[in-house]
Amino acid sequence: APDDVERAVPLEDDVERPLRDVASDGDDDDDVSEDARASAGDLATIFALWNTMVGSAVLAVPWAFTESGLALGAASAVVMTCAMAYTATLVLRYGARGGHDDLAGMCGAALGPRARAGCNAAMALMMAQCVVVFDMMLSTSVYGIVKGFADLAKMPATGGGGTTALAATLASSNSTGWATCTNAAKDAAKCWNPFTAVGVTAVALMCLGSLKNLDGFVAVSVLGPFFMTYLILFIVFKSVVASAPVAPIAPYANFSTFKKTAGVLSSCLFSHHAVIPVCRANSKSKNNGRNLLVAYVLALMSYLAPALAGNFSAAYVAVRRGPNGSSRAANFLRVFPPSDYYTLSAHVAVTVQFLTMVPLLLYILRTQVFGLLPQFPAKYHGAASFAVNFAAIALGSFCAAHPDIDIGMILSKCGAVFGLIFAYAAPVLVHVFGRRGNRHPLWNHIAHGTILAVGVAIALAQFVD
């Protein structure tokens, strides 16, 4: 998934090697035998593939299912999971078993160098989109953490207990604008609001993105499955366990805004960019096809549970029906006060995960950009790296601060476009045109043409009112 690419990104050899070096303190990978590289087990492969699909989008799927209605959303998720799982098996067949390094290599071998360059360019854009989404979610959680701790610190004051002036002022600060921010030093804390949180997050990401030693980020990134599982449990618990469930807003079907759900599901359910590197690590196994299907079943359940449960949440329904409800509800964390202990812990989990992942994503983005510009002078790489980081983070900050841009909008539009490129077009075109000496029957062309047409329709629908 685009907002989930952080967990397994296929790269060219000259891009993949620096990431391996980061994790191995610069050891020469040429000394590692092919058998050692193919030693991953079936269970590890299943969870690696699952991890490439299930990520921060779990916070947006309740919103997505409200857009379509629960019944239509669940049925669509099942159908799209089947379609995406099938096209992922095409990537496994022609890519991993064909000896290619990544999806771009597979497309280049079957469709020509322009297809390879197009895939690499699309991968760079997808990395930038992931940085934008993470920046937006980070800004929300950074604001929530400070506001949550401030509110918790203020609570004893109502019963006569003491508290710091900073905490009390933070808790009472304006959360929507700059109205309470003054030039007086004693009122400086009043300046903390979602907009200042965007600025603080941007500065932090620029500093972390400039670091050259990524060992610590690589080490912490392996905790991704834990953080994602924690968020799923958070949504389910807060929706139907901590409080009595209520009737959902759209229990059946809502075709007028269904396109948004289809776009988000496209973002959630494609792992095609990761199939080749993950399955190559388990190339000695004959069960990678089964492993891939099991991973898709797990991913489907991982999204269905929070998507359905979240729509029965009393807090979610109230926020969704209130002012700016659609924008706020697109990030499930925003429907609960940050001073709630469980919500605060979820904000912390998101912040830790994304602060460690964004520097890795920025590194991959820069490497993809330089890979597209092989003649770019090496002496300017430092300045160019700063420019790439600044552009991606500035775009993310703009989206985070803009009142009319929300996570759901970006996930639906970008998910549909990148899903079309990587999950529909690339595998189908390689299957139909890549093996010219192996002619397929007419029904086969019709079936695969239909799959491609569905991907095109989902992508185009995002930009048509």
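Notes on the structure follow. Quick caveat: nothing in here was measured; it's all calculated off a predicted structure.

### Focus: the environment of Leu72
As for its placement among the helices and strands, Leu72 is situated in helix H5 (residues 70–96). For the pair Leu72 and Ala253, spaced 181 residues apart in sequence, the C-alpha to C-alpha distance is 5.1 Å. When residues no more than four places from it in sequence are discounted, the contact partners of Leu72 are Tyr252, Ala253, Asn254, Phe255 and Phe258.

### Examining the pattern of salt bridges
Scanning all chains against the criterion turns up six salt bridges. Asp151 is the partner of Lys147 in a salt bridge, and the nearest nitrogen-oxygen pair spans 3.2 Å. One end of the pair, Lys147, and the other, Asp151, are both in helix H7 (residues 113–154), four residues apart, so they sit about a helical turn from each other. Exposure remark for Lys147: the relative accessible area of 12% places this residue in the buried category. Here Asp340 makes a salt bridge to Lys238, at a shortest N to O gap of 3.1 Å. With Asp340 in the loop between helix H16 (325–329) and helix H17 (341–372) and Lys238 in helix H11 (residues 224–241), this pair connects stretches of sequence that are 102 residues apart. Here the salt bridges share partners, and the residues they tie into one network are Glu67, Lys260 and Arg320.

### Observations concerning the packing of helix H4 (residues 61–68) against helix H14 (residues 288–310)
Contact pair H4 / H14: the axes reach a minimum separation of 8 Å and the direction vectors enclose 65°. In terms of orientation, H4 and H14 fall into the roughly perpendicular class. Both H4 and H14 take part in a crossing whose hand is right-handed. Where H4 approaches H14, its residues Val61, Pro62 and Phe65 are matched on the opposing element by Tyr303, Leu304, Pro306, Ala307, Leu308 and Gly310. Of the residues in the contact of H4 with H14, the class split is eight nonpolar, one polar and no charged.

### Some points on the state of the cysteines
Under the defined criterion, the tally for this structure stands at zero disulfides. Among the cysteines around Cys119, which has no disulfide bond, Cys107 carries the closest sulfur, lying 3.6 Å off. Given a relative accessible area of 7%, Cys119 falls into the buried group.

### A few points about the packing of H11 against H14
One can describe the packing of H11 onto H14 by two numbers: an axis separation of 8 Å at closest approach and a directional angle of 25°. Between H11 and H14, the angle is such that the two are roughly parallel. Judged by the sense of rotation from one axis to the other, the crossing of H11 with H14 is left-handed. On H14, the residues that touch Ile232, Ile235, Val236, Ser239 and Val240 of H11 are Ser302, Ala305, Pro306, Ala309 and Gly310.

### Digging into H4
Here H4 lies mainly inside the structure; eight of its eight residues are buried. Residues of H4 that are buried: Val61, Pro62, Trp63, Ala64, Phe65, Thr66, Glu67 and Ser68. After H4 finishes, the residue Gly69 shows a positive phi value of roughly 95°.

Criteria and thresholds
- Residues numbered from 1 in each chain as written.
- Predicted model: local features only at pLDDT ≥ 70, side-chain atom pairs only at ≥ 80, totals over all residues.
- Heavy atoms only, no water.
- Helix = DSSP H or I, 4+ residues; strand = E, 2+ residues; numbered from the N terminus.
- Contact = heavy atoms within 4.5 Å.
- Salt bridge = Lys/Arg side-chain N within 4 Å of Asp/Glu carboxyl O.
- Buried < 20%, exposed > 50% of the residue type's maximum accessible area, 1.4 Å probe, protein only.
- Axes fitted to C-alpha atoms, helices over the stretch in contact; angles between N-to-C directions.
- Parallel < 35°, antiparallel > 145°, perpendicular 65-115°, else oblique.
- Left-handed = near helix turned anticlockwise from the far one by under 90°.
- Nonpolar A, V, L, I, M, F, W, Y, C, P; charged D, E, K, R; others polar.
- Disulfide = S-S within 2.5 Å.

Limitation: the analysis is restricted to geometry and does not speak to function.
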